[in-house]
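What the coordinates show
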Amino acid sequence: MIQKNEISRNILMSIFVLLSGAMIAVGRFYDQRLEIFGINITVVLSFLFVITFISVFFLIKSINISLNKLLLYLFFSLLFISNLTLWIFFDFTDYGIEKFINFILIPLPIALVISEKFNISDRNNMINVLLGISFFLFVVTLLNISTLSSSRSGVLGGGPIVLSRWLCFGAVITMFHPKINRFKIFFVLLFLVSALFTGSRGPVLSFLVVMFLYAFFNFRKIFLKSIVALSLLLFIGLITGAFEHLSQYKTVSRIFMNIQEGGLKKSTGRSLLFESSVKEILDYPFGVGSGNFVEYTGNSQYFKNKNLYYPHNLFLEIASEFGVITLFLFLLYLFLFIYLSFKINLTSKLITGNMLFYTFAFLFLNSMISGDLSDARLLFVFIPLMLVKDEK
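These remarks concern the structure in this document. (Residues numbered from 1 in each chain as written. Predicted model: local features only at pLDDT ≥ 70, side-chain atom pairs only at ≥ 80, totals over all residues. Heavy atoms only, no water.)

1. A closer look at the overall build of the chain
Defined as follows: For the purposes of this entry, the term helix denotes a DSSP run of H or I that reaches at least four residues, the term strand denotes a run of E that reaches at least two, and both are numbered from the N terminus. Three exposure classes are used, based on accessible area relative to the maximum for each residue type with a 1.4 Å probe and protein chains only: buried under 20%, partly exposed in between, and exposed over 50%. Only heavy atoms enter the contact rule, under which two residues are in contact if any of them lie within 4.5 Å. Note on areas: Shrake-Rupley with a 1.4 Å probe; residue coverage comes only from the protein chains shown.
Secondary structure summary: the chain contains 20 helices and two strands in total. Within the chain, buried positions represent 51% of all 392 residues. Counting only contacts in the chain whose residues sit at least 6 apart along the sequence, the fraction spanning at least 24 positions is 76%. Here the chain displays about 19,900 Å² of accessible surface, and carbon together with sulfur accounts for 69% of that area.

2. Thoughts on the side chain of Ser276
Applicable threshold: Any pair of N or O atoms that falls within 3.5 Å is considered a polar contact. Within protein, one atom must be able to donate a hydrogen and the other to accept it, and sequence-neighbouring residues count only if both atoms are side-chain atoms.
For Ser276, the location among the structural elements is in helix H14 (residues 268-283). You can call Ser276 buried: its relative accessible area is 5%. At 2.8 Å, the side chain of Ser276 and the backbone oxygen of Leu272 are in polar contact.

3. Brief notes about the packing of helix H4 (residues 94-105) against helix H5 (residues 107-117)
Condition: Lines are fitted to the C-alpha atoms to define the axes, a helix being fitted only along its stretch in contact, and any angle between axes, read from their N-to-C directions, falls within 0 to 180 degrees. Should an angle fall under 35 degrees it is taken as roughly parallel, and over 145 as roughly antiparallel, whereas 65 to 115 is taken as roughly perpendicular and any remaining angle as oblique.
Two elements in contact, H4 and H5, have axes whose closest approach is 3 Å; the angle formed by their N-to-C orientations is 15°. Considered as vectors, H4 and H5 are oriented roughly parallel to each other. For the pair formed by H4 and H5, the contact residues are Asn102, Phe103, Ile104 and Leu105 on the first element and Pro107, Leu108 and Pro109 on the second.

4. Section: the packing of aromatic side chains
Selection criterion: Working definition: a ring pair exists when centres of Phe, Tyr or Trp rings (six-membered ring for Trp) sit within 6.5 Å. Plane angles under 30 degrees give stacked, over 60 give edge-to-face, the rest tilted.
Applying the stated rule across the entire model yields 30 aromatic pairs. Ring geometry for Phe330 and Phe380: centres 5.4 Å apart, planes at 35°, overall tilted. Here the residue Phe330 occupies a position in helix H18 (residues 324-346), and Phe380 occupies one in helix H20 (residues 377-386), the gap between them amounting to 50 residues. The burial state of Phe330 is the same as that of Phe380; both residues are buried. On the basis of an interplanar angle of 70° and a centroid distance of 5.0 Å, the ring pair of Phe357 and Tyr358 is categorised as edge-to-face. In this structure, Phe357 and Tyr358 share a single accessibility class: buried. Chaining the aromatic ring pairs together yields one cluster made of Phe75, Phe76, Phe103, Phe315, Phe330, Phe337, Phe360, Phe364 and Phe380.

See below:
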């Protein structure tokens, strides 16, 4: 009987992992653009996801409240309550409603199940599913390379920032996955080059910073190998003309525009976003509600004309839209998580420690310079994923 229960549990968790991966990839409970033969894929996925979540939820017989779980649940609760309250005073927009609903209904239930029911096997399965999604999006990117090379766009209804994030996420996982050895560098380069065609700089820059961190922490071990690999890559690129050829594409050249003709002058849009966010936080320290950043900033019309509706920084977005108290709670949770994850993954014998650490570093850095709260769903799922340590 115990074996049958265990098998049933594993099957149910495997289904939940697959559906969670799909929901994280789509990022919306409903998207009218994703239809096949008249059937909306998001409706089917969302329905199956909810049913599976409810089934898994009933597997939770008791909740052991630790400090990190308490902070996580308090953060989500405060974000939920404060947002509904702020909407009463500051009104709401279609974008704000969509962002809030998708954030509450996708990362929150997944994080809850991970915290309460995941074991090491479930965690590894989730990482493999997410890597599989990255590879799938890589293939779709190749099939749409002609469109992506001429204009900033995504695939399958997603935007260029999200696509680039998934591709660079795949590169980080592949680079540090303990079971991927053969052709590792080759696949990493494929992921990275395909990310260049999205025209989104944030994920690519975050990936490069992560590689710098890796080189810094492992200087003696990889110094010679790195010199040889970089020299070979530069030699091949110069001989074949690959670098010059890539720079001719509009979206690829956009990645490097900050280091061409004018240095950092073309970053004024992002700088203005950060400055406006800080000013708005000082004016409205308790927030203005989900999606209302652009409505109450001093440069509202300018940002709307540029299609910039959020600060492009997770901390500034939480503080400006949900208040400094919500941000403070999230920072407490984040600092405790970093301490616990170091203790679990870097001081233990888990061979996945490096992969988990550098993947978190990538997702965290990316959320500081790119995307909105909903786009950070991978980060909010990956944080409790890193703290899984026991068979449950």
